[in-house]
Amino acid sequence: QANIVFESYDEDGIGLASDLTEAFLEWRPVPRSANRYRLKFGTFYPHLSLENVDAGWSSRYTLNSSAINTWIAEELRSTGAELTVSRRPASLGGAHTFAVSAAAFLANDTAGTLLAWKGWSIHDRQTRFQDDLPLPPLPQIQPGALFQTQAPFTEPVREVDERVGYHLAGEWRWGKKLLVRFMHYDNMADPIALEHGQYGWTTEFQHLGFQTTLPGDVGLIGQWMYGSTVMGPIVDDAYVVDVEYDSWFLLATRAFERHRLTARYDRFRTWENDNIPDDDNSEDGHAWTLAYQFRFSDSVTIAAEWLRIHTERPAFEYFGHPREVTERQAQLMLRLNF
């Protein structure tokens, strides 16, 4: 099976008007035992999101993705192969399914650039293969500064050092009652590699997610991520850029007839371990999202969403802004499915 996803935007100076977000082949052989196998080869998202489960990696519940899944859409893509083995043990009555997967990939060496130098975001834009995502005009990447060789943009789908990264994952599904998903990701990038203005960032994380149904047919989804990203040589016992990060969210949703109501709370942080005072990448924030959808038909949906984000980031002061900022956004959307 071939899977190809295009995204098109008005000309925004980031990339082509139309470009790919995923392109991979998937093979699921006819089972000849209790095990089921799936092999993916190409460029694809790591199997993490519990929100973005509809066509084109879109969210079923909100217009904007959570902070975790926004970052995945911005910077994470695996170009390689992934093998998944799943089994539904008859000894457990057939109600439980277990799956494990392993992937080896290239072309994700710059993952971590945006998280360190721009911070967490909440939006619905997915990075395409040839996008150049702009970086804030930070002092440390200006001519004559410490990272002057950094281009003013990052290329997330980029190979810098020819090293192979990997991710390992596990999943437990208990019928329609509970889904638990875990992943360890490590791009294995060389932190001192540099090619065409793009640094290698050694980025790794642990991820845990769950999905269940509460009384009253209320769906509950949660994801948590904790990791680190480093870049550059070691100076004074720490990498020149050394950032830890974590984020989590809880989402509650209720569908009734043609309506769906969703509420989500996000919490996100970064903190740095390096000794470069001119490159402060710490951040602390949270966000509330409230969304409503009404489905007129199988092909027409209208949605409304309200978002409030509060962020404290010292780097805002570089641009004359207060270090604490509260932003609000309201959206209306008409979606047509073909």
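Residues numbered from 1 in each chain as written. Predicted model: local features only at pLDDT ≥ 70, side-chain atom pairs only at ≥ 80, totals over all residues. Heavy atoms only, no water.

J.: Before we move on, could you go through the pattern of salt bridges and cite the residues and values that matter?
T.: Using the criterion set out here, one finds 17 salt bridges in the structure. Across the pair R158 and E155 runs a salt bridge whose closest N-O atoms are separated by 3.2 Å. As far as the burial class goes, R158 and E155 line up, both buried. In this structure, R158 and E195 form a salt bridge, with 3.3 Å as the shortest nitrogen-oxygen distance. Note that R158 is positioned in the loop between β7 (153-154) and β8 (165-174) and E195 in strand β10 (residues 194-195), a separation of 37 residues in sequence. We classify R158 as buried; its relative accessible area is 16%. Salt bridges here are not isolated pairs; linked through shared partners, they connect E26, R28 and R38. (Salt bridge = Lys/Arg side-chain N within 4 Å of Asp/Glu carboxyl O. Buried < 20%, exposed > 50% of the residue type's maximum accessible area, 1.4 Å probe, protein only. Helix = DSSP H or I, 4+ residues; strand = E, 2+ residues; numbered from the N terminus.)

J.: Go over the pairing of strand β16 (residues 283-295) with me, naming the residues and quoting the values.
T.: Looking along a regular strand, one sees the side chains alternate between the two faces of the sheet. Where strand β15 (residues 259-272) meets β16, twelve bridges bridge the pair, whose relative direction is antiparallel. Looking at β16, one finds that A263 is bridged to L290. Examined bridge by bridge, β16 and strand β17 (residues 300-312) share twelve bridges and lie antiparallel to one another. When the sheet's bridge partners are listed, D284 is paired in β17 with E312. Connecting the antiparallel pair β16 and β17 is a turn made up of four residues. (Pairing = 2+ DSSP bridges.)

J.: Please set out the packing of aromatic side chains residue by residue, giving values where relevant.
T.: Counted by the stated rule, this structure contains 17 aromatic pairs. Plain terms: the ring middles of F147 and Y199 are 6.3 Å apart, the flat faces sit at 85° to each other, and that makes the pair edge-to-face. Separated by 52 residues along the polypeptide, F147 in the loop between β6 (133-134) and β7 and Y199 in strand β11 (residues 198-199) bring together distant segments of the chain. By the burial criterion, F147 is buried, and Y199 matches it. Ring geometry for Y318 and F319: centres 6.4 Å apart, planes at 85°, overall edge-to-face. Site record: aromatic cluster; members linked through ring pairs are W71, F105, W120, Y185, F205 and Y245. Taking the ring centre of F24 as reference, the NZ or CZ of K40 above it sits at 4.6 Å. (Phe/Tyr/Trp six-rings, centres within 6.5 Å; stacked < 30°, edge-to-face > 60°. Lys NZ or Arg CZ within 6 Å of the ring centre and 35° of its normal.)

J.: Give a description of the environment of T21 that names residues and reports values.
T.: In this structure, T21 sits in strand β2 (residues 18-27). Judged by its relative accessible area of 0%, T21 is buried. Between the C-alpha atoms of T21 and Q130, which are 109 residues apart in sequence, the distance is 9.3 Å. Leave out the neighbours within four places in its chain, and T21 touches V5, E7, R77, Q126, T127, R128 and F129. (Contact = heavy atoms within 4.5 Å.)

J.: Please set out the environment of R125 residue by residue, giving values where relevant.
T.: Looking at the element boundaries, R125 is found in the loop between α2 (113-117) and β6. Accessibility expressed as a relative area gives 16% for R125, which makes it buried. A sequence separation of 34 residues divides R125 from E159, and the C-alpha atoms of the two residues are 22 Å apart. For R125, the residues in contact, after removing those within four places along its chain, are Y9, D12, I14, A73, D131 and L133. Here the side chain of R125 touches D131 through a polar contact of 3.0 Å, side chain to side chain. (Polar contact = N/O pair within 3.5 Å; in protein donor to acceptor, adjacent residues only side chain to side chain.)

J.: Explain the nonpolar core to me, using residue names and the numbers behind them.
T.: If you look at the biggest cluster of nonpolar residues, it comprises 30 residues, and the most contacted ones within it are W71, I72, L76, W120, F205, M225 and Y245. Counting only elements with at least two residues in this core, the list comes to α1 (67-75), β9 (178-186), β13 (218-235), β14 (238-256) and β17. Residues within four places of M225 in sequence aside, it is in contact with I68, W71, I72, F205, Q206, H207, Y245, D246 and S247. Listed in part, the 16 residues of the second largest apolar core include I14, L135, V241 and V243. (Core = buried A, V, L, I, M, F, W, Y, C linked by side-chain atoms within 4.5 Å.)

J.: Which residues make up the pairing of β13, and what values go with them?
T.: In this sheet, β13 lies alongside strand β12 (residues 202-214) in antiparallel orientation, the contact comprising 13 bridges. Within β13, the position partnered with L214 by the bridge is V218. Once β12 ends, the chain turns through three residues before running back antiparallel as β13, passing G216 with a positive phi of about 85°. Direction of pairing for β13 relative to β14: antiparallel, over a ladder of 15 bridges.

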